[in-house]
Amino acid sequence: MALLEVNKLSISFGGLRAVDDLTFSIEKGELYGLIGPNGAGKTTVFNLLTGVYKPTEGIIKLDGSDITGKKTIDINQAGIARTFQNIRLFKQMSVIDNVKVGLQNDKELSYSSLDGILHTPKYCRVEKEIEAKALEILKVFNLDESKDVLASNLPYGQQRKLEIARAIATKPKLLLLDEPAAGMNPNETAELMETIQLIRDKFEMTILLIEHDMKLVSGICERLTVLNFGRELKQGVTKDVLNDPEVIKAYIGE
């Protein structure tokens, strides 16, 4: 069974069909790409998957459960987390505290309000576990030595990584990455490519990626769906899709 199943997904804004009859599926553990020109509808798809928008038509299933039209918080708890094209961090909080925010959804790392007020042994134990778990995640991104730095003081590329780390802390089944290489230099992009592959392997995570950097896409994505004007242009194995004449004409522009 596929982890994510999208069937005939559509949404209209007034008379505009922003996403039109889109169908695709992602297998567990897969690294999947969603690409297309600016305005093709990629971010709209992410907003549909995460409950920001409710589809006009179609079905979305996560791990066999219908999540179509559910609230964002319910979809996150069901197992979808995302990052954004424009980085969204708690910039006046430390690096490690940003990750701790993501860990608040972990029921195994919880305590009552009374425990927090009285600083009971349970509170102390759980806080220690949260600190250790956050540090473990930061180490994957080589951010552990910057744990006490304010998020706003991190270099741009490291802020991107921190946003991904915070999303991973929510323990998602499916991680949506919205243009993670945006604004990065070639060296940062190469490092990000390795990091995304490490995330998939270490956390056994399924990843759906929106990205314009074709080197990154071709280097890590196993399959792709190409959107154009809200509709599927091409779908299949990455190498085949990127070499398709229609895709080259509509997207790559060569």
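Looking at an unreviewed UniProt entry, one finds the protein chain named Branched-chain amino acid transport system ATP-binding protein and attributed to Butyrivibrio fibrisolvens DSM 3071.

1. Observations concerning the domain arrangement of the protein chain
The domain architecture assigned to the protein chain consists of domain 1 (1–79 + 172–253) and domain 2 (89–169). Between domain 1 and domain 2, the C-alpha centre-to-centre distance is 27 Å. Tallying the contact residues gives 19 residues for domain 1 and 11 residues for domain 2. Summing the contributions of domain 1 and of domain 2, the shared interface buries around 1,300 Å²; its carbon and sulfur component is 70%. It is Met-184, Thr-195 and Phe-203 that lose the most area in domain 1 upon contact with domain 2, and together they represent 27% of the buried surface on that side. The partner of Lys-161 in a salt bridge is Glu-191, with the nearest N and O atoms 2.4 Å apart. Scanning the region where domain 1 abuts domain 2 turns up two residue pairs in polar contact (both at pLDDT 80 or more). Taken together, the elements giving at least two residues each to the side of domain 1 that touches domain 2 come down to β7 (174–178) and α7 (186–202).

2. Focus on the sheet that holds strand β10 (residues 231–237)
On the basis of which strands lie adjacent, the open sheet formed by six strands has the order β6-β7-β8-β3-β9-β10 and mixed pairing. Strand pairing shows two members of the sheet lacking a second neighbour, β6 (80–82) and β10, which therefore form its edges. In this sheet, adjacent strand axes meet at a mean angle of 20 degrees when their direction is disregarded. Here β6 runs beside β7; their pairing, made up of three bridges, is parallel. In the sheet register, Arg-82 faces β7, and the bridge partner there is Leu-176. Most of the contacts of helix α6 (residues 156–169) go to β7, to which it runs at about 160 degrees, and overall it touches β6 and β7.

3. Describing the layout of surface pockets
Approximately 460 Å³ is the volume found for the largest pocket. If you go around the largest pocket, you meet 21 residues; those closest to its centre are Asn-76, Ala-81, Arg-82, Phe-84 and Thr-170. At the level of secondary structure, the elements contributing two or more residues to the lining of the largest pocket comprise α2 (72–78), β6, α3 (95–102) and α6. Looking at the lining of the largest pocket residue by residue, the classes come out as nine nonpolar, nine polar and three charged. Counting only domains with at least three residues in the lining of the largest pocket, you end up with domain 1 (1–79 + 172–253) and domain 2 (89–169).

The rules behind the values
Residues numbered from 1 in each chain as written. Predicted model: local features only at pLDDT ≥ 70, side-chain atom pairs only at ≥ 80, totals over all residues. Heavy atoms only, no water. Domains from an automatic or database assignment. Contact = heavy atoms within 4.5 Å. Buried area = accessible area lost by both parts, 1.4 Å probe. Salt bridge = Lys/Arg side-chain N within 4 Å of Asp/Glu carboxyl O. Polar contact = N/O pair within 3.5 Å; in protein donor to acceptor, adjacent residues only side chain to side chain. Helix = DSSP H or I, 4+ residues; strand = E, 2+ residues; numbered from the N terminus. Pairing = 2+ DSSP bridges. Axes fitted to C-alpha atoms, helices over the stretch in contact; angles between N-to-C directions. 1 Å grid on protein atoms, 1.4 Å probe; cavity = no way out; pocket = protein on both sides within 12 Å on 5 of 7 lines; lining within 4 Å. Points joined across faces, edges and corners; volume = space filled by probe spheres on them. Nonpolar A, V, L, I, M, F, W, Y, C, P; charged D, E, K, R; others polar.

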